[in-house]
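Here's the letter readout for the chains.
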Amino acid sequence: MSWDDVALVILAAFGCLMLLLTQISEVLSKLPQIIRAWRQVRHELRGGTNEGSQGPSAPGIDE
């Protein structure tokens, strides 16, 4: 194995690591929205909102 091969393996490994960290960061940044949406779905499945007693809707979720 030559030094060129070693350098390419190191670059590929760090590229994969950066891609993985970027994807994890994206998922974690969207997690609060996912949790709010899931709570709204559970609320709707339990019977929805009564007329006149709607709470504030979660931001970013269209009704």
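See the structure above.
Residues numbered from 1 in each chain as written. Predicted model: local features only at pLDDT ≥ 70, side-chain atom pairs only at ≥ 80, totals over all residues. Heavy atoms only, no water.

Which parts of the structure should I look at to understand the overall build of the protein chain?
Regarding its fold elements, the protein chain presents one helix and zero strands. When burial is assessed residue by residue, the protein chain has 3% of its 63 residues classed as buried. Here the protein chain displays about 5900 Å² of accessible surface, and carbon together with sulfur accounts for 64% of that area. (Helix = DSSP H or I, 4+ residues; strand = E, 2+ residues; numbered from the N terminus. Buried < 20%, exposed > 50% of the residue type's maximum accessible area, 1.4 Å probe, protein only. Areas by Shrake-Rupley, 256 points an atom, 1.4 Å probe, with all protein chains shown as cover.)

I would appreciate a short explanation of helix H1 (residues 3-45) in the present structure.
Think of an α-helix as 3.6 residues a turn; residues three or four steps apart then line up on the same face. When the terminal C-alpha atoms of H1 are compared, their 60 Å separation across 43 residues agrees well with the 63 Å that a helix rising 1.5 Å per residue should span. At Leu-31, H1 is bent by approximately 45°, the largest bend along its length, and proline Pro-32 sits one to four residues beyond. Once H1 finishes, Gly-47 follows within two positions and takes phi at roughly 140°, a positive value. (Expected span 1.5 Å × (residues − 1). Bend = angle between axes of the 7 residues up to and from the residue.)

What is the right way to look at a nonpolar patch on the surface in this model?
A grouping of Ile-10, Phe-14, Leu-17, Met-18, Leu-20, Leu-21, Ile-24, Leu-28, Leu-31, Ile-34 and Ile-35 is seen on the molecular surface, where their side chains present a nonpolar patch of about 1000 Å² in accessible area. With respect to the helices and strands, Leu-20 occurs in helix H1. (Patch = residues over 30% accessible without salt bridge, like charges linked within 9 Å, V, L, I, M, F, W, Y side chains within 5 Å. Salt bridge = Lys/Arg side-chain N within 4 Å of Asp/Glu carboxyl O.)

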